[in-house]
Amino acid sequence: MMGSSHALSGAAVWLTGSLALDQLAGFHQTPLQLAVGTAICAGGALVPDLDLSGRVTSRQGGATVAHTFGVFSLFLAECIEKLSLGVYRLTRMKYDPPRRNGHRTLTHTIVFNVGLGYGTLALCEAYGKWAVMGVLFFAFALALRGLFERWAERAGWVIVTLASAGAAFLVYERLPGDRGYPLLGVAVGVGGLIHLLGDMITRHGSPILWPVPTGRRMWRCFGLPHRIALTAGDKTETVLLRTVFATVAIFAGAFLVAPILMHRFHITLGS
């Protein structure tokens, strides 16, 4: 799937899950918490594709997320891609094919994304304010790049960086620490796992079970059969799926926020 589709799916799943928790478990969130969680999950849904690097010096190629911070994120993607390729080569088994790049390897596993979510939580709890602001800044930038791809391309990475830094600072000052901080780690992890599901409906699939071998392969990709799998970037994805994701996100968000606004402004529905 393309970057925008991943980001939209992350936002839709977070808002839908929040609505379910609100209705079934009484887990209520403020509009700010909902907005932050949605943005973090949307940004987290782009993280796995940081293993798709491009040409750093000419800023060409690579995944959508790799262009978030210009040459800096392209360099980061190059490092992650090489690390992923190294892990693949070290752990591959006899029937795993040789590879020349690390895309859809390490960062496309359940272990990596669960670990990333837990690591985010541990980092925020250990280092407090600066770690939280760093996570917010990074995730907000990814979310802007994914959800507003055309605007981000026109604005350029400097504007995206400044907007994300300002938003991270303002949000941190207002985000409650009792529940707000732990949700950051959950949102990052959930976003990454949603990314894997998105890639599993395409023809390539994802090696989600690594490091558990299946048969004689360590890096077996799981996904839909080719005859029904999507082709990344086709109209089924860019039109149908994105419309579904956006519609679900809008309706779930409206159901969550409407009661809060009605209570705040003392609005009651007539019988």
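Residues numbered from 1 in each chain as written. Predicted model: local features only at pLDDT ≥ 70, side-chain atom pairs only at ≥ 80, totals over all residues. Heavy atoms only, no water.

Student: Lay out the packing of helix 4 (residues 110–127) against helix 5 (residues 129–147) in plain terms, naming residues and giving numbers.
Tutor: Axis angle and axis distance: for two packed helices, these are the angle between their axes and the distance between the axes, and together they describe the pair. Contact geometry for helix 4 and helix 5: axes closest at 6 Å, N-to-C directions at 145°. For the pair helix 4 and helix 5, the contacting residues are Thr-120, Leu-123, Cys-124 and Tyr-127 in the first and Lys-129, Trp-130, Ala-131, Val-132 and Val-135 in the second. (Axes fitted to C-alpha atoms, helices over the stretch in contact; angles between N-to-C directions. Helix = DSSP H or I, 4+ residues; strand = E, 2+ residues; numbered from the N terminus. Contact = heavy atoms within 4.5 Å.)

Student: Please give an account of helix 4 that cites residues and values.
Tutor: For helix 4, built from 18 residues, the straight-helix expectation of 26 Å at 1.5 Å per residue is met to within 8% by its first-to-last C-alpha distance of 26 Å. Burial in helix 4 covers these residues: Asn-113, Gly-117, Thr-120 and Cys-124. Projected down its long axis, helix 4 shows its buried positions confined to an angular sector of 55°, all on one face. Residues Tyr-118, Glu-125, Ala-126 and Tyr-127 are exposed on helix 4 and point more than 90 degrees away from its buried face. At the exit of helix 4 stands Gly-128, carrying a positive phi of roughly 65°. (Expected span 1.5 Å × (residues − 1). Buried < 20%, exposed > 50% of the residue type's maximum accessible area, 1.4 Å probe, protein only. Arc of directions from axis to C-beta.)

Student: Could you give me a rundown of the state of the cysteines, with the residues and numbers involved?
Tutor: Counted under the stated rule, the structure contains zero disulfides. A disulfide-free cysteine, Cys-124 has its sulfur positioned 15 Å from the sulfur of Cys-41, the nearest such atom. (Disulfide = S-S within 2.5 Å.)

In short, geometric facts, not functional conclusions.
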